[in-house]
Every structure is written in structure tokens, then in C-alpha cells.
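Structure assessment
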Amino acid sequence: YSPVPDVAASLAPSMDIQAPYNIERVLYFATHGDALAVRNVMQDFEQSGKVTLSAEILTAIQEVIVESVSMSDSDIVQAMQLCHSKYNYVICPHTATAVSYCFNVEQREEKIFVCLATASPAKFPEACEAAGLNKSTHHRVERLKLDTEICTPRHVCLKGHDWTSQLKDIILKI
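Residues numbered from 1 in each chain as written. Predicted model: local features only at pLDDT ≥ 70, side-chain atom pairs only at ≥ 80, totals over all residues. Heavy atoms only, no water.

Things to note about the side chain of Ser100
- Structurally, Ser100 is set in helix H5 (residues 93–104).
- Those residues within four positions of Ser100 in sequence are excluded, and the remaining contacts are Met71, Asp75 and Ala79. (Helix = DSSP H or I, 4+ residues; strand = E, 2+ residues; numbered from the N terminus. Contact = heavy atoms within 4.5 Å.)

Have a look at this one:
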């Protein structure tokens, strides 16, 4: 692997990153937890700007990541619009990248897809504007923008307790 010299900025800026921050995690799982192998690969990449993975590591990655696709800004905008029209839900451009694939994959009816929203669409006003969608946020988020200081009492979540409910209560109090 070696990065291309020029990357065109897209509506989904995190998709434009050529060396993702979590690549070490992928390598760690692909090497079955061999931290030394991961360190060696990363050192090679940092020193030379490119890396050749062993056949074993590459095969392990390909067993999990079986396909990759590229989406244009037009694809992202169409997915944002389609998701909004079908589900009345505004998605961020990164989520739209995955949703675009799911909307357009062949034999979609035979498969079940789950897309996790990765960020608030309000963080990407250019993408929302391009899709003609309202980029407004939740009233609580708007209130947080006005606060000069946000302070919550320390809360300890104990093992065996319902953390989800506890965290929801804390968030609702903010």
C-alpha cells in the first residue's frame, strides 16, 4: 500500500483519509494480536510511506473486508436525500457512503444490511446544503452551544447495573 499523491476533497472528509487512524486495530486483529508484527508494519509505513503486507496478513484482512467501494459526492447527496425521503431521517455524509452502497447493491432483497450513523449531519453543513436538507440539530445540542460551561457531577457506573439507563439519565440532565 502507498498513498496516492493527490486526494480530491469530498463531502465526506473522513473518507478522504488515506492512512486511517484505526489501521493498527485492523492489523492487530489480522495478526491475531501480534503486537510486534503490527509495530513492524507501521514502522515500515512511517519510514517509507508505503508497505507491503505479508500474504498471511492480507488474507486475514480479505476474509473480513470482502468488498470496498467508492462513492461520489453525487452518490452521497442522493443517499442523504433518499434516506430522508424514505425514512424522514437526515444522515451525515459518511453514513450516506454506506447507505448508498446498501441502496444500490445488486440482489439487495436477498441481504440484510445494518448501517450505523457515524456523526451528526449538523457537523457537515456543506453536505446538508448540497442535499437540500435542513441541518438543524436537537434543541439540547443548540442549548449546549450557548452554555459557556457544562459541568456534571461525577457519576460512577457500577458493574452489574444498567449503564444504559444511567447514562441516559445523565445525558437528559445536561
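Description of the confidence of the model for the chain
- On average, residues of the chain carry a pLDDT of 84, and 89% of them reach 70 or more.
- When pLDDT is averaged over each element of the chain, helix H4 (residues 73–87) comes out on top at 94 and helix H7 (residues 139–146) at the bottom at 71. (pLDDT = per-residue confidence, 0-100.)

Observations concerning the layout of surface pockets
- In this structure, the largest pocket spans a volume of roughly 2000 Å³.
- As for the largest pocket, its lining consists of 44 residues, and the residues nearest its centre are Met15, Pro20, Ile65, Ser68 and Val69.
- Of all the elements in the fold, those that place two or more residues in the lining of the largest pocket are helix H1 (23–30), helix H2 (35–48), helix H3 (55–64), H4 and H5.
- Sort the elements by how many residues they give to the lining of the largest pocket and H5 lands first, with five residues.
- Tallied by class, the residues present in the lining of the largest pocket amount to 27 nonpolar, 13 polar and four charged.
- The space that makes up the second largest pocket amounts to roughly 320 Å³.
- Lining the second largest pocket are 16 residues, and of these Tyr87, Val99, Cys102, Phe103 and Cys115 sit closest to its centre.
- Those elements that place two or more of their residues in the lining of the second largest pocket are H4 and H5.
- No other element matches H5, which puts four residues into the lining of the second largest pocket.
- In the lining of the second largest pocket, the residues fall into 12 nonpolar, one polar and three charged. (1 Å grid on protein atoms, 1.4 Å probe; cavity = no way out; pocket = protein on both sides within 12 Å on 5 of 7 lines; lining within 4 Å. Points joined across faces, edges and corners; volume = space filled by probe spheres on them. Nonpolar A, V, L, I, M, F, W, Y, C, P; charged D, E, K, R; others polar.)

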